[in-house]
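# A structural walkthrough
Each chain, written out:
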Amino acid sequence: MMVFKSAALLLLSASATMAFAPAGLKTSTAGVALSMSSDDSCDDRRNFVSKSVTAGAAASLASVANIASPAPAEAAAYKMWSKVPVPFEDTVYDIDFDSPEHGYLVGARGAFAETNDGGKTWEPRSFSNLDAEEEITYRFQVVSFKDGEGWVLGKPTLLLHTKDGGKSWERIPLSPKLPGEPTSVLALGPGKAEMTTSSGAVYVTENAGRNWKAQVKETIDATLNRMSSSGVSGASYFSGSIIGQVRDDDGAYLAVSSRGNFFLTWEPGQDFWIPHNRGTSRRIQSMGFIQGDIHKGLWMTLNGGKLLISPNEVDLSSDKFDFNEAEIKTGGYGITDVAYRNDKEVWAVGGSNTMYVSFDSGKKFTFDKSANDIPGNLYNVKFFKEYGNMGWALGSSGLLLRYTGQK
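Quick caveat: nothing in here was measured; it's all calculated off a predicted structure.

## Considering the pattern of salt bridges
Evaluated as defined, the whole model comprises eight salt bridges. Salt-bridge contacts for Arg 109 lead to Asp 90; the nearest nitrogen and oxygen are separated by 2.4 Å. Of this pair, Arg 109 sits in the loop between strand S5 (103–107) and strand S6 (112–115) while Asp 90 sits in the loop between strand S3 (81–83) and strand S4 (92–97), placing them 19 residues apart in sequence. The class for Arg 109 is partly exposed, based on a relative accessible area of 24%.

Structure (structure tokens):
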């Protein structure tokens, strides 16, 4: 059984990090400093290599790119988002801001962009220490900022840290003994961050990544195999990984098993993750919190475009949750993400760039046609309450939508 040493600090030494080091980079105990390039040439060199690598695939995808999104199951009623140009055509995975004006956007094949006008325009950014061929091998999946300090997580495993709002970046060494692959990182303030892995580990650093302290005592598979009589379908003899980890505003986590047959919750102070039955025969696609608070309830999307929302005041100690099915006509297209703009207005996005909005806390949804004529898929929708509740939807082929609120 793999146990996390919660009482001691987990030292991630530089000598153990070479497995994660890309060719041509050296690591040190203090990390590797990476200078940012804002010169126009960074976009040119990246595009040149990117186009060379993907020239063959582009021809086969050309016919698909010209196929318009299918008509929704109900008449289009709203158009409350507008498309924002970005300097790349790769999938956009995450967006974050450290002020109402300044933010970063990350995506596939080394896609990295910065805004200084609240997201109206985006400029390409590049690490001058990485050559173009190496840069596009990374898929930047997470970006997080707080008070000018930021973190970026990529695959193959790469963790970057900045203390000056992104002017310079340092590479943070990670141990190959880390249980699972890093899946998320969250900036919590000066020198402090929280990181999770695909095995259910939760770590906190208070010295900018030099040391990480485990918050959970053991891996999820060890917990589930020890609780083989828990009554949770699919949990016994679990040996897979978890996906779709999300964090609420107070540090509680929610995760879905890689097979989509059950889910788990964890709150700060608990020693182990708690498994829960999905309560349906359909596979879980994604899950999240109602208004960013685990105690206000959960939402769950299933295969076939189903959306379930739990009542308030859920019992986190129970292996079963009661869910109510939302009235949403998706035509069978999957829902990938849901976000609450406030207690009444709820947004859902999904396959074929479909968007839906509810004004009654998620009971009934109406189609929004903002991205109906754009081919691709939407993967993420976010609202920033601390910055005027501005909203963003992220998707494939460099798709970035900004919430306008105009019906």
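## Some details on the sheet that holds strand S28 (residues 366–368)
Strand order in the open sheet formed by four strands is S25-S26-S27-S28, and the pairing between neighbours is antiparallel. Each edge of the open sheet is held by one strand with a lone partner, namely strand S25 (335–340) and S28. For this sheet the average axis-to-axis angle between neighbouring strands, irrespective of direction, equals 25 degrees. Pairing analysis gives five bridges linking S25 to strand S26 (residues 346–350), with the strands arranged antiparallel. Of the residues in S26, the one forming a bridge with Tyr 340 is Val 346.

## A word on the pairing of strand S11 (residues 158–162)
Summarising burial for S11: five of the five residues are buried, a large majority. Here S11 shows no split at all, with Leu 158, Leu 160 and Thr 162 on one side and Leu 159 and His 161 on the other all buried. Pairing of strand S10 (residues 149–155) with S11 involves five bridges; the strand directions are antiparallel. When the sheet's bridge partners are listed, Gly 150 is paired in S11 with Thr 162. Following S10, the chain reverses through two residues before pairing antiparallel with S11.

Cut-offs used in this document
- Sequence positions are assigned chain by chain, starting from 1 and proceeding in written order.
- Only residues with pLDDT of at least 70 are given local features in this predicted model, and only at 80 or more are side-chain atom pairs given and counted; all residues enter the totals for whole chains, interfaces and linings.
- Computation of side-chain values: all heavy atoms of the structure, hydrogens and water removed.
- Any Lys or Arg side-chain nitrogen located within 4 Å of an Asp or Glu carboxyl oxygen qualifies as a salt bridge.
- Only DSSP runs of H or I reaching four residues or more are called helices, and only runs of E reaching two or more are called strands; each is numbered from the N terminus.
- The buried label goes to any residue with under 20% of its type's maximum accessible area, the exposed label to any with over 50%, and the partly exposed label to all in between, with areas taken from a 1.4 Å probe on protein chains only.
- Strands qualify as paired when DSSP identifies two bridges or more between them.
- To define axes, lines are fitted to C-alpha atoms, for helices over the stretch in contact only, and angles between the resulting N-to-C directions are given on a 0 to 180 degree scale.

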